[in-house]
Amino acid sequence: MNKKDLRKKYKELRQQLSEAEVEEKSLAIANRLLQSDFTLNGRQVWDNTYFHLYITIEEHKEIDTEFILQILAGKDKEIVVAKSNFETLEMTNYLLTDNTKFQKNGYNIYEPVDGIEVPHSKIDVVFVPLLAYDKKGNRVGYGKGFYDKFLSKCREDVIKIGLSFFEPEEVVEDVNETDIRLDYCVTPISVYDFQL
């Protein structure tokens, strides 16, 4: 399927989930993540320090990342959250602290107002939002290109972990050169490793 059709299909599939299902599946993803032993270039995921985590957009029935936030906080990790610029399609990354103030932007996304900026080069692990993905780790997002642009500026060895309620499609037909593949994807029942 192409990206347009995949976006439509998975937006509809998500909307069919009840609030209880979203919570149950989000918790299952967090548990699977906690039990997994991800490595990239010999680096184990939990040995890293800076973890980039997106804030859930509830009305899109995204995975509730609050559970992952609790895991990271429990492991004393530095958590990084982003503020999006819809004119440049770039994200500015801020360290999440007790003093971080959030507000909703024009797209109803909670974002940090300001704070301690974290350079792209510092980030070790990125949890990547997506609508769909295939068996090679190609992902389909909302189509603005924020994450591809952001990931292209991160270190080459940054660990990219997708989160999905659903299993992969066979193939995303219209992959671009600028699309950045995932290293892993975690679902409520599986962990996919795309480095193989």
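**Re the overall build of the protein**
Helix and strand counts for the protein stand at 4 helices and 13 strands. On C-alpha atoms alone, the protein measures out to a radius of gyration of 16 Å, which is about the 16 Å that the 2.2 N^0.38 rule sets for 196 residues. For the protein, the C-alpha atoms occupy an extent of roughly 40 × 40 × 35 Å along the three principal directions. Going through the 196 residues of the protein one by one, you find that 48% of them count as buried. Once local pairs closer than 6 in sequence are excluded, the contacts in the protein between residues at least 24 apart make up 68%. Accessible area of the protein: about 10300 Å², with a carbon and sulfur share of 46%.

**Observations regarding the environment of T88**
Here T88 shows up in the loop between β4 (78–85) and β5 (90–95). Expressed as a C-alpha distance, the spacing of T88 and F146, which sit 58 residues apart in the sequence, is 9.2 Å.

**Thoughts on the sheet that holds β4**
If you walk across this open sheet you meet the 7 strands as β5-β4-β3-β8-β11-β12-β13, and the pairing is mixed. A single partner strand is all that each edge strand has here, and the edge strands are β5 and β13 (191–193). With strand direction ignored, the average angle separating the axes of adjacent strands in the sheet is 25°. As paired strands, strand β3 (residues 50–52) and β4 are joined by 3 bridges and run parallel to one another. Across the sheet, F51 pairs through a bridge with I79, a residue of β4. Seen against the sheet, helix α2 (residues 19–35) touches β8 (125–128), β11 (159–163), β12 (184–186) and β13 and runs at an angle of roughly 135° to β12.

**Some remarks on the nonpolar core**
Within the largest apolar cluster, 54 residues are counted, with the highest numbers of intra-cluster contacts made by F127, I161 and L163. Apart from residues lying up to four places away in sequence, F127 is in contact with L33, F51, H52, L53, Y54, I68, L72, Y147, I161 and L163.

**Re the packing of aromatic side chains**
All told, the structure shown has 11 aromatic pairs when counted by the stated rule. Summarising the aromatic geometry, the rings of F38 and Y184 are spaced 4.4 Å apart at their centres and angled 65° between planes, so their arrangement reads as edge-to-face. Of this pair, F38 sits in the loop between α2 and β1 (39–40) while Y184 is found in strand β12, placing the two residues 146 residues apart along the sequence. Neither F38 nor Y184 differs from the other in exposure class; each is buried.

**Structural notes on the side chain of T187**
Looking at the secondary structure, you find T187 in the loop between β12 and β13. Beyond its immediate sequence surroundings of up to four residues, T187 is in contact with I29, R32, Y133, S164, F166, E167 and Y192.

**Comments concerning the environment of R181**
The residue R181 is located in the loop between β11 and β12 in this model. Overall, R181 belongs to the partly exposed group, its relative accessible area being 39%. Look past the residues within four positions of R181 in its chain and what remains in contact with it is K136, G137, N138, K160 and F194. For R181, the side chain forms a polar contact with the main-chain oxygen of K136, separated by 2.7 Å. Reaching out from R181, the side chain makes a polar contact with the backbone oxygen of F194 at a distance of 3.1 Å.

Conventions used here
- Residues numbered from 1 in each chain as written.
- Predicted model: local features only at pLDDT ≥ 70, side-chain atom pairs only at ≥ 80, totals over all residues.
- Heavy atoms only, no water.
- Helix = DSSP H or I, 4+ residues; strand = E, 2+ residues; numbered from the N terminus.
- Rg over C-alpha atoms; globule rule 2.2 N^0.38 Å.
- Buried < 20%, exposed > 50% of the residue type's maximum accessible area, 1.4 Å probe, protein only.
- Contact = heavy atoms within 4.5 Å.
- Areas by Shrake-Rupley, 256 points an atom, 1.4 Å probe, with all protein chains shown as cover.
- Pairing = 2+ DSSP bridges.
- Axes fitted to C-alpha atoms, helices over the stretch in contact; angles between N-to-C directions.
- Core = buried A, V, L, I, M, F, W, Y, C linked by side-chain atoms within 4.5 Å.
- Phe/Tyr/Trp six-rings, centres within 6.5 Å; stacked < 30°, edge-to-face > 60°.
- Polar contact = N/O pair within 3.5 Å; in protein donor to acceptor, adjacent residues only side chain to side chain.

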